[in-house]
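Working through the structure, step by step
The chain contents come next:
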Amino acid sequence: AYRLLEVNAAYNVVQLVHYVLCFAFTWLLARRLELSASAALLAALVFTYGWFPPRITLEWAIVTGCWLPAALWCVESLLITGGVRYAGGLAVVLALQMLAGHFNLAFITQLTVVGYAALRWLFAKPAGDSADRSRARPAGRRDWGLIGGSLVAAFLLAAVQLAPTWELKSRSQRAGVGAHHEPGELHIPPWYLTQLVAPWEWYLEEEDPFRGRLPPDTPKTNRTEAHLYFGLVPLALIGCGLVTGAFFREGRMLIWLLMGGAALVHATGVLVPLTRHLPGFSFFLGPARFGIVTALAAGLLSAAALDQLLRRSRTAVRYVAVAAVLAATTLDLWLVAGTFRNRDYFVLRSAGTEFIEHSPLRAILVAEEQPPRLFAPAANTPTMLGVASTPLYLGFGPAEYFDPALTIPPPAPFGTEATPEQIDWLQRAGVTHVLSVRPLERAHWPVRLVWQGVDPVMNLILHEPALYLYRLNGSRGRVAWKEQDGDATAHVAAYNPRRVEIAAESASGGVLILTDLAWPGWQVMVDGDEAEPLVIEGMYRGVQVSAGRHVIAWTYRPRAFYIGIAISAVSVLALTIAAVAILIRRRHRSAPLASRG
């Protein structure tokens, strides 16, 4: 989508497509659980528009979360029919979810799949003369083998994404639990669950509802991550189902009651002291995200309760009641999502991407003889202009960007003053330009004003009346010799994300520094001959160069990515061959019957 469409259009298309998929998958799951078509609409409505709209700023939520009901539909279909094709479908669904690149909800989906299959085995055993198809075929060893095989196949299919991500994880600031990683962050405080019955008490508040309410040393959270609401009418229906015992008479609804409740308990973070020692739980932030399982369970349970209440109603009454429930729930969810959105974030009319070509900042920076590096507020937003910027904002990134010994001394000097230590860091980091929202104090900054005015991209993001662009004096730039030599020269001849070419000359030779991050996969050649890459000052790339004139080329060949793509390609081929073999076998089996007929 992003290759074919403009950025804003692509973003909207991706979001809408996944919302449609989410609704369709949830409806199919409800139908597979033998709920009526109208009740299945309620389940799809509650899940799709209860959990995701307040997380509209988190694109990964819908892009990965929509595959949860699809995975469970595959599992339920497999347990009902025993069809191998559903195992293949499960592998593809889980792989697609992981290929989206955000693995938290993928991990939750995998746990839910295993938990659902286990509970299905416990509660959906044969029940004598029951006509319930789900109870006529309990899960057996073959089913467990197919589900396990699907999980393994999914990881192999997604290896192209998983292998480089694992490399990043192992070298990131979240490689272990520490100052930058607390598994209990982004939870739902137990008292905040009152939002289920009284959302207006919290969503209409202008200020942060957690400020002053969380005990000391409690992991932090925010209103978006802690949101959990699926409508008052569905909640009332669930209450009716509990009172009438409808959920206890049907095994699969009891499963969803247990799973939804367990996910809700974990979402509060009360189990984190125990689960933080388990694989997966110890790495992923946000126990509140388990609320996605609770939301799906709420949709299915409310739909089952609706079916139970209307089972003996006349057709006309049933249609009117279903229409009323759907209309009331739609209005409820729409009002809550709108109120939530207006309090916690705002929607930009434009992301500014269409103004990039008209940006005076970009025109000045890309016209530089050497690739610039910009120090600017707004995290890494300035990279939209096509230039490198610092400090980088990466919630999950290389540990070097978060190591206090390697990062700029705090606090970041986005005001008018800077310390000598901060200036020294900026100069060593190769920063060539500084972007500020107010004039810099020359007594603190060794800079020269290059431009001031309004930029259609950065002013849209920073919401400031004017911007000021300065050249930082004394910077060693993107490439420099470690030991300064008056006769030594070096400049970048070509620069792109996968290859950097440098022309260098020195009378005595030495170490040539490229002030870009040293990372596995970057290989260096000097005059076409492979050389040994060095790590300079804990994070920059370097190479030993002899005296004379040389061409140094840094090329990115990520080994983890190549291994991953090879595994994925072989897995796709193997899955395709298996599917064709099963199809041919079926045709051979049916051929004799057809000839006899």
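None of the values given here were measured: they were computed from a predicted structure. (Residues numbered from 1 in each chain as written. Predicted model: local features only at pLDDT ≥ 70, side-chain atom pairs only at ≥ 80, totals over all residues. Heavy atoms only, no water.)

**Considerations on the overall build of the chain**
Of regular secondary structure, the chain possesses 19 helices and 14 strands. Once the C-alpha set of the chain is aligned to its principal axes, its extents read approximately 95 × 65 × 45 Å. Evaluated residue by residue, the chain yields a buried proportion of 48% over its 597 residues. Taking as baseline every contact in the chain between residues at least 6 positions apart, the subset at least 24 positions apart corresponds to 71%. By element, 62% of the accessible surface of the chain is carried by carbon and sulfur atoms, the whole surface being about 28,500 Å². (Helix = DSSP H or I, 4+ residues; strand = E, 2+ residues; numbered from the N terminus. Buried < 20%, exposed > 50% of the residue type's maximum accessible area, 1.4 Å probe, protein only. Contact = heavy atoms within 4.5 Å. Areas by Shrake-Rupley, 256 points an atom, 1.4 Å probe, with all protein chains shown as cover.)

**Some remarks on the pairing of strand β14 (residues 548-556)**
Sheet topology note: the strand β8 (residues 499-506)/β14 ladder contains eight bridges and is antiparallel. Each bridged residue has a counterpart across the sheet, and for I502 the counterpart in β14 is I552. (Pairing = 2+ DSSP bridges.)

**Here's the deal with the environment of A581**
Topologically, A581 is positioned in helix α19 (residues 559-596). Put simply, A581 and W27 are 554 residues apart on the chain and 31 Å apart in space, counted from C-alpha to C-alpha.

**Here we look at the pattern of salt bridges**
For the structure on display, the rule yields 15 salt bridges. Residue R362 pairs with E357 through a salt bridge whose shortest N-O separation is 3.9 Å. By relative accessible area, which is 61% here, E357 ends up exposed. Where E537 meets R476, a salt bridge forms, and the shortest distance between an N and an O atom there is 2.8 Å. Within this pair, whereas E537 is found in the loop between β12 (533-536) and β13 (540-545), its partner R476 is found in the loop between β5 (467-472) and β6 (479-481), the two being separated by 61 residues in sequence. A network of salt bridges, in which partner residues are shared, links E34, E76, R120 and R252. (Salt bridge = Lys/Arg side-chain N within 4 Å of Asp/Glu carboxyl O.)

**Looking at the side chain of K169**
Within the secondary structure, K169 sits in helix α9 (residues 159-170). Buried and unpaired, K169 has no salt bridge, with E167 as the nearest side chain of opposite charge at 13 Å. What K169 contacts, discounting residues up to four positions off in sequence, is R174, A175, F283 and F396. (Lys, Arg positive; Asp, Glu negative; His and termini not counted.)

**Some remarks on a nonpolar patch on the surface**
There is a patch of nonpolar side chains on the surface, built from V114, W121, L122, F123, W144 and L258 and spanning about 510 Å² of accessible area. Here the nonpolar patch takes four residues from helix α6 (residues 104-123), the largest share from any one element. For L122, the location among the structural elements is in helix α6. (Patch = residues over 30% accessible without salt bridge, like charges linked within 9 Å, V, L, I, M, F, W, Y side chains within 5 Å.)

**Quick look at the packing of aromatic side chains**
Applying the stated criterion across every chain yields a total of 20 aromatic pairs. The ring of W51 carries the charged tip of R55 above its face, separated from the ring centre by 3.8 Å. (Phe/Tyr/Trp six-rings, centres within 6.5 Å; stacked < 30°, edge-to-face > 60°. Lys NZ or Arg CZ within 6 Å of the ring centre and 35° of its normal.)

**Structural notes on the confidence of the model for the chain**
Model confidence for the chain is summarised by a mean pLDDT of 89, while 93% of its residues fall at 70 or above. The low-confidence segment residues 126-136, where pLDDT is below 50, has 18 contacts with residues more than four positions distant or belonging to other chains. (pLDDT = per-residue confidence, 0-100.)

**So, the nonpolar core**
Membership of the largest hydrophobic core comes to 100 residues, with the highest contact counts inside it found for F52, W256, I292 and L300. Ranked by residues supplied to this core, first place goes to helix α14 (residues 291-310) with 13 residues. Aside from chain neighbours lying at most four places away, what touches F52 is Y19, C22, F47, A61, I62, G65, C66 and I292. By size, the runner-up hydrophobic cluster in this structure holds 40 residues, among which are Y468, L472, I513 and V526. (Core = buried A, V, L, I, M, F, W, Y, C linked by side-chain atoms within 4.5 Å.)

**Let's talk about the sheet that holds β6**
If you walk across this open sheet you meet the four strands as β6-β9-β13-β12, and the pairing is antiparallel. The open sheet has two free edges, formed respectively by β6 and β12, since each of these has just one partner strand. When strand polarity is set aside, the average angle formed by the axes of neighbouring strands in this sheet is 35°. Where β6 meets strand β9 (residues 510-517), three bridges bridge the pair, whose relative direction is antiparallel. Bridged to V479 within β9 is L514. (Axes fitted to C-alpha atoms, helices over the stretch in contact; angles between N-to-C directions.)

**Comments concerning unusual backbone geometry**
P410 connects to P411 through a cis peptide bond whose omega is -5°. The topology assignment puts P411 in the loop between β2 (388-390) and α17 (420-428). Non-glycine residue A378 carries a positive phi angle of around 70°. Its location among the elements puts A378 in the loop between β1 (373-375) and β2.

**A word on the sheet that holds strand β4 (residues 447-453)**
To summarise the sheet geometry, strands pair through backbone hydrogen bonds and adopt either a parallel or an antiparallel arrangement. If you trace the five strands from one edge of the open sheet to the other, you get β2-β1-β3-β5-β4, paired in mixed fashion. The strands lining the two open edges of the sheet, one partner per strand, are β2 and β4. Strand after strand, the sheet turns through a mean of 30° between neighbouring axes, direction not considered. Both β1 and strand β3 (residues 433-436) contribute to a ladder of two bridges, which runs parallel. If you follow L374 over to β3, its bridge partner there is H433.

**A short note on a positive patch on the surface**
A contiguous patch of positive charge, built from R85, R585, R586 and R589, is present on the exposed surface. Look at R586 and you get partly exposed, because its relative accessible area is 41%. (Charge placed at Lys NZ, Arg CZ, Asp CG, Glu CD.)

**Thoughts on helix α5 (residues 84-99)**
In this model α5 runs 23 Å from its N-terminal to its C-terminal C-alpha over 16 residues, within 8% of the 22 Å that 1.5 Å per residue would give. Of the residues making up α5, those classed as buried are Y86, A87, L90, A91, V93, L94, A95, Q97 and M98. Turning to α5, the residues buried within the fold contact α1 (7-32), α3 (59-65), α4 (67-81), α6, α8 (141-157) and α9. Of the residues one or two after α5, G101 is the one with positive phi, at around 95°. (Expected span 1.5 Å × (residues − 1).)

**A closer look at the side chain of R32**
Within the secondary structure layout, R32 lies in helix α1. One buried charge, R32, has no salt-bridge partner; the nearest side chain with opposite charge is E76, at 6.7 Å. Beyond its immediate stretch of four places on either side in the chain, R32 contacts W73, E76, S77, I80, Y86 and R252.

**Some remarks on the packing of α4 against α5**
Where α4 meets α5, the axes come as close as 9 Å, and the angle between the chain directions of the two elements is 165°. Taken together, the axis directions place α4 and α5 in an arrangement best described as roughly antiparallel. Classified by chirality, the crossing of α5 by α4 is left-handed. In this structure, α4 uses W67, L68, A70, A71, W73, C74, V75, S77, L78 and T81 to contact α5, whose residues at the interface are Y86, G89, L90, V93, L94, L96 and Q97. A class-by-class count of the residues in the contact of α4 with α5 yields 13 nonpolar, four polar and no charged. (Parallel < 35°, antiparallel > 145°, perpendicular 65-115°, else oblique. Left-handed = near helix turned anticlockwise from the far one by under 90°. Nonpolar A, V, L, I, M, F, W, Y, C, P; charged D, E, K, R; others polar.)

**Overview of the state of the cysteines**
Within this structure, the stated rule accounts for zero disulfides. Here C66 is not cross-linked by a disulfide; its sulfur's nearest cysteine counterpart is in C22, at 6.1 Å. C74 takes part in no disulfide bond, and the closest cysteine sulfur, belonging to C66, lies 13 Å away. A relative accessible area of 5% means that C74 is categorised as buried. (Disulfide = S-S within 2.5 Å.)

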